[in-house]
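Structural overview
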Amino acid sequence: ETMAKKVAVIGAGVSGLISLKCSLDEGLEPTCFERTEDIGGLWRFKENVEDGRASIYHSVITNTSKEMSCFSDFPMPEDFPNFLHNSKLLEYFRIFAKKFDLLKYIQFQTTVISVKRRPDFASSGQWEVHTQSNGKEQHAVFDAVMVCSGHHIQPHLPLNSFPGIEKFKGQYFHSRQYKHPAGFEGKRILVVGIGNSAIDIASELSKKASQVFISTRHGAWVMSRISEDGYPWDMVFHTRFSSMLRNVLPRTIVKWMMEQQMNRWFNHENYGLVPQNKYLLKEPVLNDDLPSRLLYGLVKVKTKVKELTETAAVFEDGTVEEDIDVIVFATGYTFSFPFLEDSLVKVEGNRVPLYKYMFPPQLEKPTLACMGLIQPLGSIFPTVELQARWATRVFKGLCNLPSETTMKVDIVERNEKKIDLFGKSQSQTLQTNYIDYLDELALEIGVKPDFVSLFFKDPKLAVKLYFGPCNSYQYRLVGPGQWEGARNAILTQKQRILKPLKTRTLESSSSIPVSFLLKILGLLAVLLAFFFQLQ
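Residues numbered from 1 in each chain as written. Predicted model: local features only at pLDDT ≥ 70, side-chain atom pairs only at ≥ 80, totals over all residues. Heavy atoms only, no water.

What counts here: UniProt positions are given in the numbering used here, feature names are shortened, and annotations may be inferred rather than shown by experiment.
Per an unreviewed UniProt entry, the protein chain is named Dimethylaniline oxidase 2, and its organism is Myodes glareolus. Under the heading Sequence similarities (unreviewed entry), UniProt records this for the protein chain: "Belongs to the FMO family."

**Topic: the overall build of the protein chain**
To keep it simple, the criterion reads: Think of it this way: any DSSP run of H or I at least four residues long counts as a helix, any run of E at least two long counts as a strand, and we number them from the N terminus. Residue burial is assigned from relative accessible area. The probe radius is 1.4 Å, only protein chains are included, and a residue is buried under 20% of its type maximum, exposed over 50%, and partly exposed in between. Here the Shrake-Rupley method, with its probe set to 1.4 Å, supplies the accessible areas, and only the displayed protein chains count as covering residues. His residues and chain termini do not enter the charge count, which takes Lys and Arg as positive and Asp and Glu as negative. Working definition for charges: the position is that of NZ of Lys, CZ of Arg, CG of Asp or CD of Glu.
Summing up its helical and strand segments, the protein chain has 17 helices and 22 strands in all. If you line up the protein chain on its principal axes, its C-alpha atoms span 70 × 70 × 50 Å. Across the 535 residues of the protein chain, 50% fall into the buried class. Counting only carbon and sulfur atoms, one obtains 54% of the accessible surface of the protein chain, whose full area is about 25000 Å². Measuring between centres, the 63 positive side-chain charges of the protein chain sit 3 Å from its 58 negative side-chain charges.

**Things to note about empty space enclosed by the protein**
One way to see where empty space is left: roll a probe the size of a water molecule over the atoms. Where we set the bar: Cavities and pockets are found on a 1 Å grid laid over the protein atoms alone: a cavity is a set of points where a 1.4 Å probe fits but cannot escape, a pocket is an open set with protein on both sides within 12 Å along at least five of seven lines, and a lining residue has an atom within 4 Å of such a point. Grid points are joined across faces, edges and corners, and a volume is the space filled by probe spheres set on the points. Classes in brief: Ala, Val, Leu, Ile, Met, Phe, Trp, Tyr, Cys and Pro nonpolar; Asp, Glu, Lys and Arg charged; the others, Gly included, polar.
Enumeration according to the criterion identifies 2 cavities of 30 Å³ or more in this entry. Every residue along the wall of the second largest cavity is listed here: Arg44, Lys46, Asn48, Val49, Glu50, Arg53, Ala54, Ser55, Ile56 and Lys179. Of the residues contributing to the lining of the second largest cavity, the split by class is 3 nonpolar, 2 polar and 5 charged.

**Considering the nonpolar core**
Test applied: Nonpolar core, defined: a set of buried Ala, Val, Leu, Ile, Met, Phe, Trp, Tyr and Cys residues in which side-chain atoms within 4.5 Å join the residues together. Two residues form a contact once any of their heavy atoms are found within 4.5 Å.
One finds Tyr92, Phe93, Met146, Ile189, Phe359 and Trp390 to be the most contacted residues of the largest nonpolar core, which totals 96 residues. Counting residues per element, this core draws most heavily on helix H10 (residues 380–395), at 8 residues. Once residues within four sequence positions are removed from consideration, methionine 146 is found in contact with Val7, Ala8, Val9, Ile10, Ser19, Ser23, Ala369, Met371, Ala388, Ala391, Thr392 and Phe395. One finds Phe33, Val145, Leu340 and Leu354 within the second-largest nonpolar core, a separate group that totals 23 residues.

**A closer look at the sheet that holds strand E6 (residues 136–142)**
This is how the line gets drawn: Strands pair, by our definition, only if DSSP identifies at least two bridges between them. As a rule, the C-alpha atoms of each element are fitted with a line to give its axis, helices using only the stretch in contact, and angles between N-to-C directions run from 0 to 180 degrees.
Pairing is antiparallel in the open sheet, where 3 strands are placed in the order E4-E5-E6. Among the strands making up the open sheet, the edge pair consists of strand E4 (111–117) and E6. Pairs of neighbouring strands in the sheet enclose a mean axial angle of 20°, with direction left out of account. Two elements, strand E5 (residues 127–133) and E6, share 7 bridges in a ladder whose sense is antiparallel. Note that in E6 the partner of histidine 130 across the bridge is histidine 139.

**Thoughts on helix H5 (residues 196–205)**
Burial analysis of H5 places 8 of its 10 residues in the buried class, the great majority of the element. Along H5, the residues that are buried comprise Ala198, Ile199, Asp200, Ile201, Ala202, Ser203, Glu204 and Leu205. In this structure, the buried residues of H5 make contact with strand E10 (188–192), strand E11 (211–215), strand E12 (222–223), strand E13 (285–286), helix H9 (290–295) and strand E14 (299–302).

**Concerning the sheet that holds strand E9 (residues 171–174)**
Read from one edge of the open sheet, 5 strands run E9-E18-E10-E11-E14, paired in parallel fashion. The open sheet has two edge strands with one neighbour each: E9 and E14. Between one strand and the next, the sheet's axes are offset by a mean angle of 20°, whatever the strand orientation. With 4 bridges joining them, E9 and strand E18 (residues 326–329) adopt parallel strand pairing. When the sheet's bridge partners are listed, tyrosine 172 is paired in E18 with isoleucine 327. Contacting E10, E11 and E14, H5 crosses the sheet at an angle of about 165° to E11.

**Regarding the environment of glutamine 171**
Tracing the sequence through the fold places glutamine 171 in strand E9. Overall, the relative accessible area of 40% leaves glutamine 171 in the partly exposed class. With 88 residues separating them along the chain, glutamine 171 and phenylalanine 83 place their C-alpha atoms 33 Å apart. If we ignore the near neighbours within four places in the chain, the residues touching glutamine 171 are Phe184, Asp325, Val326 and Ile327.

**Observations regarding the pairing of E10**
Here is the rule we go by: The handedness rule is simple: strands pointing away from the viewer, and a clockwise path from the first strand over the helix to the second, make the crossover right-handed.
The element E10 is extensively covered by neighbouring structure, given that 4 of its 5 residues are classed as buried. Examined bridge by bridge, E10 and E11 share 5 bridges and lie parallel to one another. Within E11, the residue paired with arginine 188 across the bridge is glutamine 211. With H5 bridging E10 and the parallel E11, this β-α-β connection has right-handed handedness. Inspection of the sheet shows E10 paired to E18 by 4 bridges, in the parallel sense. Looking at the pairing, isoleucine 189 lines up with valine 326 of E18.

**What about the packing of helix H7 (residues 240–248) against helix H14 (residues 459–467)?**
Rules: Each angle receives one of four descriptions, namely roughly parallel if under 35 degrees, roughly antiparallel if over 145, roughly perpendicular if within 65 to 115, and oblique otherwise.
Between H7 and H14, the shortest axis-to-axis distance is 5 Å and the interhelical angle comes to 50°. By the angle between their axes, H7 is oblique relative to H14. On H14, the residues touching Arg240, Phe241 and Met244 of H7 are Leu465, Tyr466 and Phe467. By residue class, the composition of the contact of H7 with H14 is 5 nonpolar, no polar and 1 charged.

**With respect to a positive patch on the surface**
Using the following cut-off: The patch calculation keeps residues exceeding 30% relative accessible area without a salt bridge and links them within 9 Å when they carry like charges or within 5 Å when they are nonpolar (Val, Leu, Ile, Met, Phe, Trp, Tyr). One side-chain nitrogen of Lys or Arg within 4 Å of one carboxyl oxygen of Asp or Glu is enough to make a salt bridge.
Where like charges cluster on the molecular surface, the positive patch consists of Lys460, Lys494, Lys502 and Lys519. Along the polypeptide, lysine 519 turns up in helix H17 (residues 514–534).

Written out as structure tokens, the structure reads:
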């Protein structure tokens, strides 16, 4: 058993790149198959929409900030802005791939046709992977497979929910076809959906169009990327302290707090956006422009579309909007794995029954993992990185999975809890609580920091870890894959946040910061919380 295990990585997007790196870190022998000619997956913008490949519009900016989105042992360059245009993020992935020398393991323009268990799978856990490149078919045997093909490829276009669409004389398309606002000047446009793409596209088109309508069944909380004191929203939202509060306080209080927080920017009821079921912690949508566009009247929010005529949209509340030129269906995606046997990963109602969203529970050997099939409210990149660190250690036999029964029970319970928290709709099926899920994976790997001992050994760091943003660096402090730069990265993140903003030299002013007083209050709160937990 001394030979390095061969791992097939399917896809060279973000998940594929980090899976490659983690495989190398663990001394495995990876080969990555990428169907296009380059890395970056979803984040590599192209003017034309390609079949079988994720597609983004030109103006896409990340929703999570650089300090919360970087890989755990490779902070983003300090002059990078806090929220990145897709081209800038791609640049980070290129620097990352170069630094860890990942490109030589990738076979480009190679499509994976099938991934099948070998006849002796029960004992060997091996897979046969068939690929196609330049018309030539090849197959090879691998000890493990990491599926990194993403879930933003197949458009979910529920046209049968829009009676009359066949009569509609205007233009209609799925949001994956949208690239630029040019060509929509003076048009009356209906955007269906209320996810990030829907609101981005509606806001962007409103500058050119004569009128934009957003049709939503459920409504949504809309959040700005800019939070307290102008810090990125996720640095304030994703702290262990607030995550702990969200977990220990009664749900009604959490939901009330959430509502207060969401309505601080603008009252969602007044703007017609308030979610139908306020008590689901539905993922907020991040957009900095929508409220102002609504205030200017350039965008109007409508209910669900009941039917379409040749030129008009009739809504559920009986209102009609005439002369609609364009309908954009920002109705999300469904996902599938055409190269896997159906019995392996059954996608039902956009749900995948995988243990911790990764492992099919029924396999005799845990040698197949699906990466990045989650939509955390936080950044997907650190999440996938922990998934890859865990999966590679499972492949090596250093971490073990529980029995099939235990895994199946976990899958069902997790799903019930998720429906309770997030609701059932199509877009919510991959939702997870960010910090809890990170910690869960970290525990499996053995890299979750131990706060109690840290509190005595390194109080300065402990306070930062608990009250500060929960970045990926925290998972490089201890255990396998330790990185000596982790502590410093945590303590110096503020400099990297401010560096790209401070492009005008100023005289510094000095005063006791309020944050210092808050920290002292926070410490008291923790001691009290700790005391109550002991009760």
